[in-house]
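Here is what each chain is made of, one letter per residue.
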Amino acid sequence: MSSSERLLLDVRGLTVRFPTSDGVVQAVSDVSFKVSRGETLGIVGESGSGKSVSNLAIMGLLNRNRTLISGEVRFMGRDLLTLPSNQLRQIRGKDIAMVFQDPFACLHPMYRVGDQIAEAYLAHSDGGKDAANARAVELLDHVGIPKAKSRARDYPHQFSGGMRQRAMIAMALVHNPAILICDEPTTALDVTVQAQILELIEAVKREFDIGVILVTHDLGVVAETASGVMVMYAGRVMEYGPARDIFERPQHPYAWGLLDSMPTVERRLEALVPIEGSPPSLISPPSGCPFHPRCPYRFEPCPVDRPPLIRPEVEAHLDACHLPWDKKVELGAKRSINRVEDAA
Amino acid sequence: MIFYIARRLLWTVVVVACVLAITFAVFYLLPAGDPALRFAGKSPTQPELAQIRHRLGLDKPWYVQFGKFSKNFFLGDKFGWPGLGTTYAGGTESSVKTLVFNRAPRTLFLIAGAAILWLVSGVAIGVLSAVKRRSIVDRLAMSFALVGISTPVFWLGLMSLYIFWRRLGWTGGTGYVSPSDSVTGFFSHMILPWCVLALLYAAFYARMTRNNLLETLGEDYIRTARAKGLPERTVILKHGLRASLTPIVTMFGLDIALLVGGAVITESVFNLQGLGYTAINSALNQDLPLVLGVVLLASVAVALANLIVDILYAFIDPRVRYA
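Bear in mind that the values here come from a model prediction, so they are computed numbers and not experimental data. (Residues numbered from 1 in each chain as written. Chains lettered and ligands numbered in written order. Predicted model: local features only at pLDDT ≥ 70, side-chain atom pairs only at ≥ 80, totals over all residues.)

Across its full length, chain B holds 14 helices and two strands. Viewed in the frame of its principal axes, chain B has a C-alpha envelope of about 80 × 55 × 35 Å. Counting only contacts in chain B whose residues sit at least 6 apart along the sequence, the fraction spanning at least 24 positions is 68%. (Helix = DSSP H or I, 4+ residues; strand = E, 2+ residues; numbered from the N terminus. Contact = placed C-beta atoms within 7 Å.)

Turning next to the overall build of chain A. Regarding its fold elements, chain A presents 13 helices and 11 strands. Against the 2.2 N^0.38 benchmark of 20 Å for 344 residues, chain A shows a C-alpha radius of gyration of 21 Å, consistent with a compact globule. For chain A, the C-alpha atoms occupy an extent of roughly 65 × 50 × 45 Å along the three principal directions. Counting over 344 residues, chain A shows a buried share of 44%. The contacts in chain A between residues at least 6 apart in sequence include a share of 66% that link residues at least 24 apart. (Rg over C-alpha atoms; globule rule 2.2 N^0.38 Å. Buried ≥ 20, exposed ≤ 12 C-beta atoms within 10 Å, placed from the backbone.)

Next up on the list: the sheet that holds strand 2 (residues 23-36) of chain A. The strands that make up a sheet pair up through hydrogen bonds in the backbone, lying either parallel or antiparallel. Here we have four strands laid out as an open sheet, ordered 2-1-4-5 (chain A), and antiparallel in their pairing. Where the open sheet ends on each side, the last strands, each with one partner, are strand 2 and strand 5 (78-79) of chain A. (Pairing = 2+ DSSP bridges.)

Moving on: the nonpolar core. Ile117, Leu140, Ala167, Ile179, Leu180 and Ile213 of chain A are the most contacted members of the largest nonpolar core, which totals 101 residues. In contact with Leu180 of chain A, other than residues within four places in its own chain, are Ala97, Val99, Ala172, Val204, Ile210 and Val212 of chain A. If you look at the next biggest cluster of nonpolar residues, it comprises 59 residues, including Leu110, Ala130, Leu156 and Cys195 of chain B. (Core = buried A, V, L, I, M, F, W, Y, C linked by C-beta atoms within 7 Å.)

Residues and elements named next belong to chain A. Lys328, Gly332 and Arg335 are the residues of helix 13 (residues 325-335) that are buried. Seen from one end, helix 13 has its buried residues packed into an arc of 45 degrees, which puts them on one side. What points out from helix 13, more than 90 degrees from its buried face, is the exposed set Asp326, Glu330 and Ala333. Residues of helix 13 that are buried make contact with helix 12 (253-260). (Arc of directions from axis to C-beta.)

Attention shifts here to the sheet that holds strand 11 (residues 318-319) of chain A. Residue and element names in this part refer to chain A. Pairing within the open sheet is mixed, and its seven strands lie in the order 6-7-8-3-9-10-11. Looking along the sheet, the strands with just one partner apiece sit at the ends: strand 6 (96-99) and strand 11. Two strands pair when backbone bridges link them, and strand 7 (residues 179-183) and strand 8 (residues 211-216) are joined in this way by five bridges, in the parallel orientation. In the sheet register, Asp183 faces strand 8, and the bridge partner there is Val215.

Turning next to the interface of chain A and chain B. Taken together, the contact between chain A and chain B spans 22 residues of the former and 18 residues of the latter. Contributing elements (two or more residues each) for the side of chain A that touches chain B: helix 3 (85-91), helix 4 (103-106) and helix 5 (113-122) of chain A. Class assignment of the residues belonging to the side of chain A that touches chain B gives a composition of 12 nonpolar, five polar and five charged. (Nonpolar A, V, L, I, M, F, W, Y, C, P; charged D, E, K, R; others polar.)

Attention now moves to the pairing of strand 4 (residues 68-75) of chain A. Residues and elements named next belong to chain A. As paired elements, strand 1 (residues 7-20) and strand 4 share seven bridges and run antiparallel to each other. By the bridge assignment, Val11 is partnered in strand 4 with Val73. The antiparallel hairpin formed by strand 4 and strand 5 contains two residues in its connecting segment, where Met76 sits at a positive phi of about 45 degrees.

Looking now at helix 5 (residues 96-131) of chain B. With 36 residues, helix 5 of chain B should cover 52 Å at 1.5 Å per step; its first-to-last C-alpha distance of 50 Å lies within 8% of that length. In the structure, helix 5 of chain B departs most strongly from a straight axis at Ala104 of chain B, where the bend amounts to approximately 30 degrees and where the proline Pro105 of chain B lies between one and four residues downstream. (Expected span 1.5 Å × (residues − 1). Bend = angle between axes of the 7 residues up to and from the residue.)

Below, the discussion takes up the packing of helix 5 of chain B against helix 10 (residues 232-262) of chain B. All names here are of chain B. It is the contact of helix 5 with helix 10, at a shortest axis distance of 11 Å, that shows an interaxial angle of 150 degrees. Between helix 5 and helix 10, the angle falls in the class roughly antiparallel. The handedness of the crossing between helix 5 and helix 10 comes out as right-handed. Two secondary-structure elements touch here, helix 5 through Thr107, Ile111, Ala115, Leu119, Val123, Val127 and Val131 and helix 10 through Ile236, Leu241, Ile248, Phe252, Ile256, Leu259 and Val260. Residue composition of the contact of helix 5 with helix 10, by class: 13 nonpolar, one polar and no charged. (Axes fitted to C-alpha atoms, helices over the stretch in contact; angles between N-to-C directions. Parallel < 35°, antiparallel > 145°, perpendicular 65-115°, else oblique. Left-handed = near helix turned anticlockwise from the far one by under 90°.)

This paragraph deals with the confidence of the model for chain B. Caution is warranted with low-pLDDT regions, since their predicted coordinates should not be read in detail. The share of residues in chain B with pLDDT of 70 or more is 92%, and the mean pLDDT across the chain is 84. For chain B, per-element mean pLDDT is lowest for helix 2 (residues 35-39) of chain B, which scores 65, and highest for helix 9 (residues 220-227) of chain B, which scores 93. (pLDDT = per-residue confidence, 0-100.)

Residue and element names in this part refer to chain A. Structurally, Arg166 is set in helix 8 (residues 161-172). Between the C-alpha atoms of Arg166 and Leu200, which are 34 residues apart in sequence, the distance is 8.3 Å. Arg166 has contacts with Val143, Gly144, Ile145 and Leu200, leaving out every residue within four places of it along the chain.

On to unusual backbone geometry. A positive phi angle is found at Glu184 of chain A, which is not glycine, with a value near 45 degrees. Position of Glu184 of chain A among the secondary structure elements: in the loop between strand 7 and helix 9 (191-208).

Structural data, given as structure tokens:
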């Protein structure tokens with residue numbers, strides 16, 4: 001299969017606006033990325049950086065009456081944004097499936113877990129109730145729920161957090177989707193369970209040869225599994241490239257900030273450096289580079305000109321920053337994820 | 001599940017026993033003056049009083065009286081089960097049970113018809129309103145709810161009688177026609193009271209359904225349902241409404257129970273002479289055994305409604321069963 005045939009999702013210039021009484025919220029601005037089979041794209045950023053909204057827009061889960069969406073979301077050649085809602089519904093849950101952040105809130109508390117998975121099966125299949133139930137049990141077993149047949153008859157409150165997230169993943173896999181979007185799938189879970197869920201997602205990706213979008217604010221999660229990383233801030237892409245490059249040669253001050261504030265095994269707590277300030281208002285974002293008010297390296301052009309997302313050098317990956325290339329290399333090298341010098 | 005129902009059932013018995021004790025205390029122990037005098041109706045003679053006193057066991061200590069009172073209630077007296085005692089109002093001895101049970105069907109038919117109307121229309125309007133939020137449909141529905149909640153029942157009752165009965169002649173007038181006498185007469189006499197009583201409640205239920213459903217539709221599991229690719233109708237009716245149903249069921253049970261003794265205004269405007277009307281009338285006549293009978297029946301209705309609501313709860317929300 002050629003690389004173009006393996007390309008699943010091609011998002012170009014995705015822009016999402018929410019008109020509110022206080023003004024227009026510029027949730028996502030001009031975001032472009034690609035996802036191919038067998039690839040995990042990590043989308044990283046703080047809360048309110050537009051990660052989740054981008055994915056909800058791809059899934060068509062934003063209320064079209066109250067949202068302005070532009071750009072293109074090409075899924076296997078079709079633009080999902082121009083698809084009528086009933087055709088989009090045919091794709092949702094079948095070709096593109098989603099796992100959400102909080103497994104405690106995402107399963108309906110009043111229906112049996114197995115029935116909820118069976119319902120997902122029946123939404124896109126005429127297989128009948130028995131086939132649906134069998135599929136539900138099969139998948140629960142597949143994602144590692146012990147005694148799947150009897151546990152399928154349980155209600156969500158009888159499941160632990162990790163089991164619920166497994167059930168959510170089982171539900172998402174019902175129709176062997178081409179793309180699995182995981183929106184902070186481990187945030188609500190215990191650390192030990194987090195690793196299991198990430199392994200499960202990895203295993204599923206390899207087994208079914210699907211594309212995964214992994215949204216998270218935890219760089220550690222991305223470092224373990226992603227093949228590509230997109231760093232978002234204030235609804236814009238700050239840096240986008242292969243995961244190894246991002247972690248070894250980060251080019252954007254915001255990515256440096258994220259790496260500095262990330263705890264690792266080697267790093268003592270005092271060595272963590274938080275990013276000063278908080279994310280900007282999306283109703284009236286800062287002029288120029290949206291990160292400039294918090295950026296320790298800002299200089300004259302930053303508040304005036306918004307830096308375009310470009311490749312500063314041939315061997316570099318995409319970033320949106322005015323800093324000269326040698327400066328990026330110098331400061332980025334200090335942040336390389338491989339460094340151990342400040343370990344005790 | 002069986003354990004849950006048994007536990008609720010036990011509680012119901014306890015509640016009914018408490019109601020019995022309080023009712024007893026209020027009517028036998030608390031009122032100043034001779035209970036026999038109160039029981040005897042208007043202008044009794046001395047021998048009558050003595051007879052009543054002996055008959056009611058008022059010459060015995062209070063605990064013996066309470067024991068007899070409870071025993072009669074649970075096991076029945078000479079008029080059968082449940083023993084509600086005897087009224088001497090009007091100078092003749094008659095069974096409270098018979099009086100109450102004669103009045104009960106009128107009230108129960110009134111409540112049943114109205115309840116179906118308000119539940120169906122209220123929930124339907126609420127769902128429509130929530131789904132079409134901020135549209136003209138929503139605004140019209142909520143204006144209707146405001147009118148329904150604010151309009152006094154007696155005014156609405158009289159106006160509807162004037163228009164539909166006197167002016168247009170579409171319905172029967174006031175009074176009650178038993179369905180065993182004439183089915184069409186029954187419906188033509190009941191349709192206005194049903195609609196008038198239902199309007200107030202329908203308005204409440206529409207608002208409550210709308211608010212609950214809007215809240216539920218913001219839940220994460222609704223987004224999950226949409227992400228599965230379910231049609232919007234299924235998302236709203238199966239996933240949204242199911243979760244919004246619990247408070248509605250609670251209200252429904254209690255509203256019905258409270259109406260057993262409390263549909264006084266509707267009963268009066270349409271001259272149905274049901275239980276509420278009987279309670280008011282007997283209170284005005286100081287016919288306490290009859291008041292007692294209606295109060296007991298109404299409280300048992302509330303206790304039973306609570307039981308049914310609790311059991312329904314467990315069916316609707318599995319989390320209740322294991323709590």
